[in-house]
Amino acid sequence: MKISYHGHSVVQIELGGKRIIIDPFINGNQLTDLKVENLNLDVIILTHGHNDHVGDTVELAKRNNALVIANHEISTFLSWQGVNTHAMHIGGAHQFDFGKVKLTQAFHGSSYTTENNEIIYCGMPAGILFMAEGKTIYHAGDTALFSDMKLIGERHPIDLAFLPIGDNFTMGPEDAAYAAKLLEAKTIVPIHYNTFPPIKQDPKQFIEMLENKNGKVLEPGEFIEL
């Protein structure tokens, strides 16, 4: 399994001939190495409804005939736009042909702002547990620190965790480092930083804060194999 990072919260997973992307914010993301027109995808998974996470989902899903996995509200909203969706919700898991997906809680907001400045409610935000080939990946989405991260790590031993460190809208580096301690993931990768001025952070300083020194900074396009 090959897991790559592409700026902001964009993570791509490749396994068994399938390509899965999480939170495909590409157009407008100056940190990404990806281009929408070059992406071939089978599955899109969304953590919540904010525009910098839904991103280019509709265009990508329609062009690739990709399945979009998201909470019920986002799935309904996207299905009205002709997108093929699979609705889930917090605490629920589903076995797909490429792996198992489970949504965890996250403490954040979730809404989509249209071009007409209309705000669409998008249900509860989520984190993602992705389980395949005997490995577990945790994408925390946008979230504050919460104590049940310990429970998530105990119930689902995590090989690779993607944690937001940007502060202001999510956990900052100090809280993210404590989250890493609770989760006890084998490897921690920081996400959701440096895209906008309010979330400017030094990811290397975050890595130094980790009690187990088990972090890795991925530049856009870099990957880890599990």
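Read on for an overview of the structure. Just so it is clear, the model here is predicted, and its values are computed rather than measured.

Rules used in this analysis
Residues numbered from 1 in each chain as written. Predicted model: local features only at pLDDT ≥ 70, side-chain atom pairs only at ≥ 80, totals over all residues. Heavy atoms only, no water. Helix = DSSP H or I, 4+ residues; strand = E, 2+ residues; numbered from the N terminus. Rg over C-alpha atoms; globule rule 2.2 N^0.38 Å. Buried < 20%, exposed > 50% of the residue type's maximum accessible area, 1.4 Å probe, protein only. Contact = heavy atoms within 4.5 Å. Lys, Arg positive; Asp, Glu negative; His and termini not counted. Charge placed at Lys NZ, Arg CZ, Asp CG, Glu CD. Core = buried A, V, L, I, M, F, W, Y, C linked by side-chain atoms within 4.5 Å. Pairing = 2+ DSSP bridges. Axes fitted to C-alpha atoms, helices over the stretch in contact; angles between N-to-C directions. Polar contact = N/O pair within 3.5 Å; in protein donor to acceptor, adjacent residues only side chain to side chain.

1. Concerning the overall build of the protein chain
Thinking step 1. The helix and strand inventory of the protein chain stands at 6 helices and 15 strands.
Thinking step 2. Against the globule reference of 17 Å for 226 residues, the protein chain gives a C-alpha radius of gyration of 16 Å, in line with a compact fold.
Thinking step 3. For the protein chain, the spread of C-alpha atoms along the principal axes amounts to about 45 × 40 × 30 Å.
Thinking step 4. Per-residue burial over the protein chain gives 55% buried out of 226 residues.
Thinking step 5. A separation of at least 24 residues holds for 58% of the contacts in the protein chain among residues at least 6 apart in sequence.
Thinking step 6. Of the charged side chains in the protein chain, 17 are positive and 27 negative, and the gap between their average positions amounts to 6 Å.

2. Concerning helix α5 (residues 173-183)
Thinking step 1. The complete set of buried residues in α5 reads P173, A176, A177, A179, A180, L182 and L183.
Thinking step 2. For α5, the secondary structure elements touched by its buried residues are β12 (135-139), α4 (149-155), β13 (160-164), β14 (187-191) and α6 (203-209).

3. Comments concerning the nonpolar core
Side chains of a nonpolar character, in soluble globular proteins, are inclined to be buried together.
Thinking step 1. Ranked by internal contacts, the top residues of the largest apolar core, which has 53 residues, are I13, V101, F130, Y138 and L163.
Thinking step 2. What L163 contacts, discounting residues up to four positions off in sequence, is Y138, A140, M171, A176, A179, A180, L183, I188, V189, P190 and I191.
Thinking step 3. Of all hydrophobic cores here, the second largest spans 22 residues; its members include L39, V54, V83 and C122.

4. What about the sheet that holds strand β5 (residues 67-71)?
Thinking step 1. Pairing is mixed in the open sheet, where 7 strands are placed in the order β6-β5-β4-β3-β2-β1-β15. Strands at the two margins of the open sheet, each flanked by one partner only, are β6 (85-88) and β15 (223-225). Sheet twist, expressed as the average angle between the axes of neighbouring strands with direction ignored, equals 20°.
Thinking step 2. Sheet strands in contact with helix α3 (residues 72-79) are β5 and β6, and its direction is about 140° off that of β5.

5. Observations regarding the environment of K102
Thinking step 1. For K102, the position within the fold is in strand β8 (residues 99-105).
Thinking step 2. Measuring from C-alpha to C-alpha, the distance between K102 and L129 comes to 5.0 Å, with 27 residues separating the pair along the chain.
Thinking step 3. Reaching out from K102, the side chain makes a polar contact with the side chain of H156 at a distance of 3.0 Å.

6. A closer look at the sheet that holds strand β11 (residues 126-132)
Thinking step 1. Spatially, β7-β8-β11-β12-β13-β14 is the arrangement adopted by the 6 strands of the open sheet, whose pairing is mixed. Only two strands of the sheet have a single partner each, and these edge strands are β7 (93-96) and β14. Ignoring strand direction, the axes of neighbouring strands in this sheet form an average angle of 20°.
Thinking step 2. Pairing of β12 with β13, which is carried by 3 bridges, proceeds in the parallel orientation. Counterpart to H139 in the pairing with β13 is F162.
Thinking step 3. Sheet strands in contact with α5 are β12, β13 and β14, and its direction is about 155° off that of β13.

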